[in-house]
Amino acid sequence: MQAELWRIIKEQIIIWRVGLLPGMTVIALVIITRFSGYMQSLEWLAFDNFLRIRPAEPIDERIVIVGINEEDIHSVGTYPITDKEIAALLRKLNSLAPRVIGLDIVKDLPVEPGHAELVSAFKDIKNLFAIEKVLPEKIAPPPTLPSEQVCFADQIIDADGKLRRSLLGTPTDQEYKFSLSVCLAKTYLAKEGYSLENGIRDPEAMRFGNIELPRFLPNSGGYVRTDAGGVQILLNFRSGSKRFRILSLNDIKNGRYQPRWIRDRIAIIGVTAPSVKDFITTSAVTSIEPAEGRIYGVELQAHTSSAIISAVLDSRPLLHTWTDCWEYAWIISWGILGIAFARLTKSPWRNLVAVVIASTILTVVSYLLLLLWGLWVPLIPAILVLNLNGFTMTALYQYDQALRSRIEARQALIERTFETIHNGPLQTLAKALKRIREHDLSPEELLPILEKDLEKLNYELRGIYEFLQREPLTQDRSLYLGKGLLLNLQDPIHTVLYQVYDHTLQREFSCFNTLRIKIVTFDPIDDYHLSIDQKRGLCRFLEEALCNVGKHATGVTRLDVSCTQNEGWYTLKIVDDGLGSISSKEGRGTQQFRDLARQLKGKFTRSPLSPRGTLCELSWPVPKLGFW
């Protein structure tokens, strides 16, 4: 049993190795391509599309954007907006008691009239944060604003010109600086009892309570050797077409708002006029009009602040990725699955369906991981190795299977030819050799008998040759028994077995001469489960067993041959009462019958009987029908 199991394992290893080695090469090439950075654009594209097609989220009521639009600029009559207008807007907003105000407009230089009023507003409003630029070209903050109320507005753009990550903090020549979005979120969350601290799992990350902001690393997600300086995060944009409430400068001036929209909220002031071109390019959210493919800079500050606050207060997922080893394990797993599909599916069409279904599942799972848990997994390299291995290895396995089939067909032809020769001409030859070795006859008596045997041998060999000249389809479905007798293996098995029995007992074996009693029983059995080769094997088993009786069962008088069904088993049995001996060495025929029993999941027995006789038996289980 163990030897058989080990044989099967070795066969499977040989078969799997056909696709495994080239399949692993494909996986390695895809990984090298990804590691070289050539897949960044495709992975970014998949990432952006997943973010954009998420279900729309409700407006984040905690943030209100005051956007200075084209109508406001025309109403004021100038741009940049004067310091007087900005000062009036700040004081009006402050009177509505927002929790924090962010000014996302550069105010490094005075814009008269009203600069003194703006300086006074900066001095009076303690929950106000304004911006500067620190990387790479610097723009100074409002000169009169305390440094603790100044944050940077710098953003990091990817190689394709789009923004997917947010810079939260960075060291500068003077001190460590925080982004405007972090300052706004920190102030808002302080009232909720959360303070900004260093991370626990990653000491360089930022943390509010138990929520640690996953720090962007050089190879996070689809990125390859990217600048991860400072503290950056992948930005989980808020989905939907209406992400935040947006009011204009004129709305505030003319009272077109509800005070509750601003009270205890984050108010961010910025420019939403297309002519000013304060745009950020992104494909992760629905575009604004008329800025196709872009969002306003002030809205980006709102997205980042909202992502941090929502993660802390609402358990909204922050975007994160696996470590490199887990990402490549993911890719390799899908590549091996593609090899498995190629190995296990038996036809190209089934393989196509399997790979398409698996690719769909991979895409859906990747999307759900991002949607529900914020986990960005490698989709493009995984889907590449799945499809490349699934399709190309199928062709390889099909070629290998065709080659194996041709080899097996050739081997089967050799085996069938040998069986035909073994049970025909070789038996005649063995009988002639036995007569020579026994020395029972004088040369004058022996010579005519040998001549007759040789003529018979010549006739049998020519008959085999003629049989092999037939069409392959005829050969495959026929059984040649000699003397031109050709049996149709598509006939019921009990009919074919009787023909084999009748023909074999007519052969000139010396022991058949003493037979007095012949009992034969071939019950009709269902042979739908038997292949042509298995039916041929049963016929050869019967023929071989009867030939052994005719050659070796000295003094045999009784022969009992039966093929019956009993207690869930079919049994083909040959019993004689002769003095034949059983060799301890297994011949080729015995090995073939053990293989046949193994194919049928049955048993083969050849044993002596007491006081005399031999039992030769082959049994196999009756196949179960229905749901069994």
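Notes on the structure follow. (Residues numbered from 1 in each chain as written. Predicted model: local features only at pLDDT ≥ 70, side-chain atom pairs only at ≥ 80, totals over all residues. Heavy atoms only, no water.)

1. Here's the deal with the sheet that holds strand β9 (residues 211-212)
In any sheet, the strands associate via hydrogen bonds between backbone groups, in a parallel or an antiparallel arrangement. With antiparallel pairing, the three strands of this open sheet are ordered in space as β7-β8-β9. The open sheet is flanked by β7 (196-198) and β9, the only strands paired with a single partner. With three bridges joining them, β7 and strand β8 (residues 206-208) adopt antiparallel strand pairing. Within β8, the residue paired with N198 across the bridge is M206. (Pairing = 2+ DSSP bridges. Helix = DSSP H or I, 4+ residues; strand = E, 2+ residues; numbered from the N terminus.)

2. Focus: helix α9 (residues 324-344)
Taking 1.5 Å as the rise per residue, α9 with 21 residues should run 30 Å; its terminal C-alpha atoms sit 30 Å apart, in good agreement. Within α9, burial applies to E327, Y328, W330, I331, W334, G335, G338, I339, A340, F341, A342 and R343. (Expected span 1.5 Å × (residues − 1). Buried < 20%, exposed > 50% of the residue type's maximum accessible area, 1.4 Å probe, protein only.)

3. Thoughts on the sheet that holds strand β19 (residues 517-522)
Read across the open sheet, the five strands follow the order β19-β20-β21-β23-β22; overall the sheet is mixed. Looking at strand neighbours, the two that pair on one side only are β19 and β22 (603-608), the edges of this open sheet. Mean inter-strand twist for the sheet, computed between neighbouring axes without regard to direction, equals 10°. Each of β19, β20 (558-566) and β21 (569-576) is contacted by helix α15 (residues 493-505), which is oriented at about 160° to β19, the strand it contacts most. Contacting β19, β20, β21, β22 and β23 (614-621), helix α16 (residues 532-552) runs over the sheet at an angle of about 15° to β21. (Axes fitted to C-alpha atoms, helices over the stretch in contact; angles between N-to-C directions. Contact = heavy atoms within 4.5 Å.)

4. Description of the state of the cysteines
Under the defined criterion, the tally for this structure stands at one disulfide. Linked covalently through their sulfurs, C151 and C183 form a disulfide whose S-S length is 2.1 Å. Classification of the bridge connecting C151 and C183 rests on its S-S torsion, roughly -110°, and on that basis the disulfide is left-handed. Separated by 32 residues along the polypeptide, C151 in strand β4 (residues 150-152) and C183 in helix α6 (residues 180-190) bring together distant segments of the chain. Using a relative accessible area of 5% as the deciding quantity, one classes C183 as buried. (Disulfide = S-S within 2.5 Å.)

5. A short note on the pairing of strand β10 (residues 231-234)
Of the two faces of β10, the one carrying V231 and I233 and the one carrying Q232 and L234 are both buried. With four bridges joining them, strand β5 (residues 165-171) and β10 adopt antiparallel strand pairing. Residue pairing in the sheet places R165 in a bridge with L234 of β10.

Honestly, it's all geometry; don't read function into it.
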